[in-house]
Amino acid sequence: TPTPTKEQEIQEIASREIGRMFDALGFGEPQWPEAVGLALALDNNDYVIKAILIDPPDAKKLPLPLVPQLISGPAYVSEAPSVLPDDTEIFVSASIDFLQTFEGMRKEAEIKAKAAPRRIPAGGKEPPLDIFAAFEKKAGFKIKDDFLPAFGNEIALAGSLKSLQGTAPFNLGPTPSAKPSPESGDDKQDPEKKENDAFPLLLISVKDREAASRLMPHVLDGLGIGEANLIAQGEKREDTELVNYAGVFAYAFVGNFVIISEAAKVRRAIDAPVHHQTLSSNNDFRNSRRWEPSRTLGQIYVSPAL
């Protein structure tokens, strides 16, 4: 087995730590709807299936019944298509109440931590920390008070079918053993097109760009990979600053979002609005959602190319 590179070690540690925090989304009892209704309609050459889920009166607003701590935010008009490239194959967006979601995750994580076997550290004074308290201690900021207020409600994943099938939301990239797909002749000619399909684009809406930008490097400290900041390189593209972590991942603030993925994909997301080649201008995308109300709690788009 080849020895992992420093970049692969960073990727593995970050994926593991984010995964541990995301596990808390599933803590608690699932909330199933009281009733479900389905309808099928023929719209020109398309079959349209519509469903209605009726929740109990006192139910939490959950986008997914099996994820009891993921709480829906207010109805919104998705802005992510205005920064995504027009050839995006799959796009998933949702409005999330991050404060309520975090408080639910934190509460359940504390319960799990207290129920776990106690390991008394050296000195025997410091109580065991749950995953979020441990993150905050290393990061040097409070998630509820400092981090969440900098961000809005919309979160989105976008990319190819391959990227969303093979990558969980908390993975930063492929496993060290993953092999790159063969490149076409065009890709070899144009380095800007060399994209790793194993990476989706992660978009999170931003309310306070200055605060979010200041906190991003400290997030890596909280994940235990603060040394990655030593290999970060700033890159100016159009009027946007891209931060590239030596090919491990990159991020940039584009429009009202911070976009995280591998560098080539983030560059394309920066270029798309500049050249007016965004998903919001794609006729297939616009036609696919013409029946929807203007404000929703979430949406999933699959390109006809698939």
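Numbers given for residues are sequential positions, taken from 1 along each chain in its written order. It should be noted that, the model being predicted, local features are given only for residues of pLDDT at least 70 and side-chain atom pairs only at 80 or more, the latter also being counted only at that level, while totals for whole chains, interfaces and linings use all residues. For the side-chain quantities, the full set of heavy atoms in the structure was used; hydrogens and water were omitted.

### Observations concerning the overall build of the protein
Thought 1: Along the backbone of the protein there are nine helices and ten strands.
Thought 2: Throughout this description, buried means an accessible area under 20% of the type-specific maximum (1.4 Å probe, protein chains only), exposed means over 50%, and partly exposed covers the range between. Relative to its full complement of 306 residues, the protein shows a buried share of 40%.
Thought 3: Whether two residues touch is decided by their heavy atoms; if any such pair falls within 4.5 Å, the residues are in contact. A fraction of 69% describes how many contacts in the protein between residues 6 or more apart in sequence connect residues 24 or more apart. Think of it this way: any DSSP run of H or I at least four residues long counts as a helix, any run of E at least two long counts as a strand, and we number them from the N terminus.

### With respect to the nonpolar core
Thought 1: Buried residues of nine kinds, namely Ala, Val, Leu, Ile, Met, Phe, Trp, Tyr and Cys, make up a nonpolar core once their side-chain atoms join them within 4.5 Å. In terms of nonpolar packing, the biggest core is built from 41 residues, with Phe-132, Phe-135, Leu-223, Tyr-251 and Val-258 touching the most fellow members.
Thought 2: Of all the secondary structure elements, the ones that give two or more residues to this core are helix H1 (6-22), helix H2 (98-115), helix H3 (131-139), strand S5 (201-206), helix H7 (209-222), strand S7 (240-245), strand S8 (250-254) and strand S9 (257-261).
Thought 3: Among the elements that make up this core, the one with the highest residue count is H7 (six residues).
Thought 4: Excluding its chain neighbours within four sequence positions, the residues that come into contact with Tyr-251 are Met-216, Pro-217, Glu-241, Leu-242, Val-243, Tyr-245, Val-258, Ile-259, Ile-260 and Val-266.
Thought 5: Listed in part, the 21 residues of the second largest apolar core include Phe-91, Ala-250, Val-254 and Leu-279.

### Section: H2
Residues three or four positions apart in an α-helix share a direction because the helix packs 3.6 residues into each turn.
Thought 1: A helix's residues, less one, multiplied by 1.5 Å, set its expected span. Between its first and last C-alpha, H2 extends 25 Å over 18 residues, near the 26 Å set by a 1.5 Å rise per residue.
Thought 2: Along H2, the positions that sit buried rather than exposed are Thr-101, Phe-102, Gly-104, Met-105, Arg-106, Glu-108 and Ala-109.
Thought 3: N-cap assignment for H2: the residue whose side-chain oxygen lies 3.3 Å from the backbone N of Leu-99 is Asp-97. For this analysis, a polar contact is any N or O atom pair within 3.5 Å, provided that within protein one partner can donate a hydrogen and the other can accept it, and provided that sequence-adjacent residues contribute only side-chain to side-chain pairs.

### Comments concerning unusual backbone geometry
Thought 1: At His-276, a residue that is not glycine, the phi angle is positive and equals roughly 55°.
Thought 2: If you trace the backbone, His-276 turns up in the loop between helix H8 (263-274) and helix H9 (283-288).
Thought 3: A residue is classified by how much of its surface remains accessible, and His-276, at 67% relative accessible area, is exposed.

### Regarding the pairing of strand S2 (residues 46-54)
Thought 1: Pairing between two strands requires that DSSP report at least two bridges joining them. Bridge analysis of strand S1 (residues 35-43) against S2 gives nine bridges, and the strand direction is antiparallel. Looking at S2, one finds that Gly-37 is bridged to Ile-52.
Thought 2: Counted along the chain from S1 to the antiparallel partner S2, the turn is two residues long, and its residue Asn-44 has a positive phi close to 55°.

### Remarks on H7
Thought 1: Compared with the 20 Å implied by 1.5 Å per residue over 14 residues, the 20 Å span of H7 between its first and last C-alpha is a close match.
Thought 2: Note on bend: at a given residue it equals the angle between the axes fitted to the 7 residues ending there and to the 7 starting there. Its axis deflected by about 35° at Met-216, H7 carries its strongest bend there, up to four residues before the proline Pro-217.
Thought 3: Buried within H7 are the following residues: Ala-211, Ala-212, Leu-215, Met-216, Val-219, Leu-220 and Gly-222.
Thought 4: Where H7 begins, one side-chain oxygen reaches toward the backbone nitrogen of Glu-210, 3.3 Å away; that side chain belongs to Asp-208.
Thought 5: Immediately downstream of H7, the backbone of Gly-224 shows phi near 85°, a positive value.

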